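Coordinate inspection notes
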Amino acid sequence: MTANGVLLRFSCQNGEQYDNIGAFWDYMAGFYPIETLSGIGFGWKDDSLSYLIGWVDQEPLSLPETLQADYPQAQAARIDLPDSGWLTYDCRTDGLDEAYDQIYRDGPLDYEIERFDGSGNCRLLVFRAPKK
């Protein structure tokens, strides 16, 4: 799989990534239907993570003209994702905290893909590399 979109790095201190990534989702959903977007989290280190909002296995659409002014650190990016080995969880957006509590009981992730719809539903795909 390949993901194309807008990449930012977010701090995870004091849970602030939830509000900041949520605001980033709101911003991107102002330009594209939320059902067409995927959010990909990866690269957790130094109490931060990389997060891309865009499209999986689709050609990217043109990015908002205001993007650089609104998110100066944003960059267009393309990342390769594993083709298999994903676990899927369905939940409601107001239950994301509980869903992630359950997911992280099995250890840290290498990648996550979040997909939302306009009705408050969320599908989480998570990937952990096999242990060697």
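Report on the accompanying structure. (Residues numbered from 1 in each chain as written. Predicted model: local features only at pLDDT ≥ 70, side-chain atom pairs only at ≥ 80, totals over all residues. Heavy atoms only, no water.)

1. Things to note about the sheet that holds strand 6 (residues 111-116)
Here is the rule: Two strands are counted as paired when DSSP detects at least two bridges linking them. Strands are runs of DSSP state E lasting at least two residues, helices are runs of H or I lasting at least four, and both sets are numbered from the N terminus onward. Whenever a helix is involved, its axis is fitted only over the stretch in contact; in every case the axis is a line through C-alpha atoms, and angles between N-to-C directions fall within 0 to 180 degrees. Contacts are residue-level and defined by heavy atoms, with any inter-residue pair within 4.5 Å sufficient.
Ordered by their spatial adjacency, 7 strands build an open sheet running 4-1-3-2-6-7-5, and the pairing between neighbours is antiparallel. The sheet is open, and its two borders are formed by strand 4 (75-80) and strand 5 (87-92), each paired with just one other strand. Along the sheet, successive strands turn relative to each other by an average axial angle of 30°, direction set aside. Where strand 2 (residues 38-45) meets strand 3 (residues 48-56), 6 bridges bridge the pair, whose relative direction is antiparallel. Across the sheet, residue Gly 41 finds its bridge partner in strand 3, namely Tyr 51. Against the sheet, helix 1 (residues 16-29) contacts strand 1 (2-11), strand 2, strand 3 and strand 6, and its axis sits at roughly 140° relative to strand 1. Its contacts with the sheet place helix 3 (residues 96-104) against strand 2, strand 5, strand 6 and strand 7 (121-127), and it is angled at close to 20° to strand 7.

2. Quick look at helix 3
Note the cut-off: Type-normalised accessible area, obtained with a 1.4 Å probe on protein chains alone, sets the label of each residue: buried when under 20%, exposed when over 50%, and partly exposed for intermediate values. The arc in question is the one traced by the directions running from the helix axis out to the C-beta atoms.
Of the positions making up helix 3, those classed as buried are Leu 96, Ala 99, Tyr 100 and Ile 103. Seen from one end, helix 3 has its buried residues packed into an arc of 95°, which puts them on one side. Those residues of helix 3 that are buried are in contact with strand 5, strand 6 and strand 7.

3. Remarks on the environment of Gly 39
Here Gly 39 shows up in strand 2. Taking C-alpha positions, Gly 39 is 6.6 Å from Arg 115, a pair spaced 76 residues apart along the chain. Residues within four places of Gly 39 in sequence aside, it is in contact with Trp 25, Tyr 51, Leu 52, Ile 53, Glu 112, Ile 113 and Glu 114.

4. Some points on the environment of Ala 99
Topologically, Ala 99 is positioned in helix 3. Take Ala 99: its relative accessible area is 9%, and that puts it in the buried class. Ignoring sequence-local partners within four residues, the contact set of Ala 99 consists of Cys 91 and Leu 124.

5. Observations regarding unusual backbone geometry
Despite not being glycine, Asn 14 shows a phi value in the positive range, around 55°. We classify Asn 14 as exposed; its relative accessible area is 80%. Residue Asp 46 is not a glycine yet carries a positive backbone phi of 50°. Mapped onto the secondary structure, Asp 46 falls in the loop between strand 2 and strand 3.

6. Digging into the pattern of salt bridges
Note the threshold: A carboxyl oxygen of Asp or Glu within 4 Å of a side-chain nitrogen of Lys or Arg is what we treat as a salt bridge.
Under the defined criterion, the tally for this structure stands at 1 salt bridge. Where Arg 123 meets Asp 90, a salt bridge forms, and the shortest distance between an N and an O atom there is 2.7 Å. Of this pair, Arg 123 sits in strand 7 while Asp 90 sits in strand 5, and the two are 33 residues apart along the sequence.

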